[in-house]
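# Secondary and tertiary structure notes
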Amino acid sequence: MTPVTELISVRHTDLYIDGGWRPASDGQRIDVTDPATAEVIATVASASVPDALKAVEAADRAFRPWAARPPRERAEMLRKTFELMMRDQDKLAELMVR
């Protein structure tokens, strides 16, 4: 298993909307291919317009509670996100390049 397929295999490939993973509302999925090899590296949910609208509505609802958190708490959450990204930076970079 390559680092990229390892990274993908433990990650969700559905849509993350309103705090949960879900398939596309119309069930559509698309293959993500490595353009250099034509290898399919993942199959992901293909968001529809209704999915995008649900995501925007969920983001709008989440904004006020997020903004109401103390700045220190928001900063700590963002720092943790940064640390996780740095931990997996090589795998993320390879995934982005592919």
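Above this text is the structure in question.
Procedures and definitions
Residues numbered from 1 in each chain as written. Predicted model: local features only at pLDDT ≥ 70, side-chain atom pairs only at ≥ 80, totals over all residues. Heavy atoms only, no water. Helix = DSSP H or I, 4+ residues; strand = E, 2+ residues; numbered from the N terminus. Buried < 20%, exposed > 50% of the residue type's maximum accessible area, 1.4 Å probe, protein only. Polar contact = N/O pair within 3.5 Å; in protein donor to acceptor, adjacent residues only side chain to side chain. Patch = residues over 30% accessible without salt bridge, like charges linked within 9 Å, V, L, I, M, F, W, Y side chains within 5 Å. Areas by Shrake-Rupley, 256 points an atom, 1.4 Å probe, with all protein chains shown as cover. Salt bridge = Lys/Arg side-chain N within 4 Å of Asp/Glu carboxyl O.

A few words now on the environment of Glu73. Looking at the element boundaries, Glu73 is found in helix H3 (residues 71-87). For Glu73, a relative accessible area of 30% puts it in the partly exposed group. Separated by 2.3 Å, the side chains of Glu73 and Arg69 make a polar contact.

For the rest of this paragraph, the subject is the side chain of Asp34. Topologically, Asp34 is positioned in the loop between strand E3 (29-33) and strand E4 (40-45). Asp34 gets classed as buried once you look at its relative accessible area, which sits at 8%.

A cluster of nonpolar residues, Trp66, Met77 and Leu78, forms a patch on the protein surface that exposes about 280 Å² of accessible area. Assignment of secondary structure puts Trp66 in helix H2 (residues 49-68). The exposure class of Trp66 is partly exposed, given its relative accessible area of 30%.

All right, on to the pattern of salt bridges then. Using the criterion set out here, one finds 6 salt bridges in the structure. Note that Arg29 and Asp14 form a salt bridge whose closest N and O atoms lie 2.7 Å from each other. With Arg29 in strand E3 and Asp14 in the loop between helix H1 (3-9) and strand E1 (15-17), the pair connects residues that are 15 residues apart, well separated along the chain. Overall, the relative accessible area of 37% leaves Arg29 in the partly exposed class.

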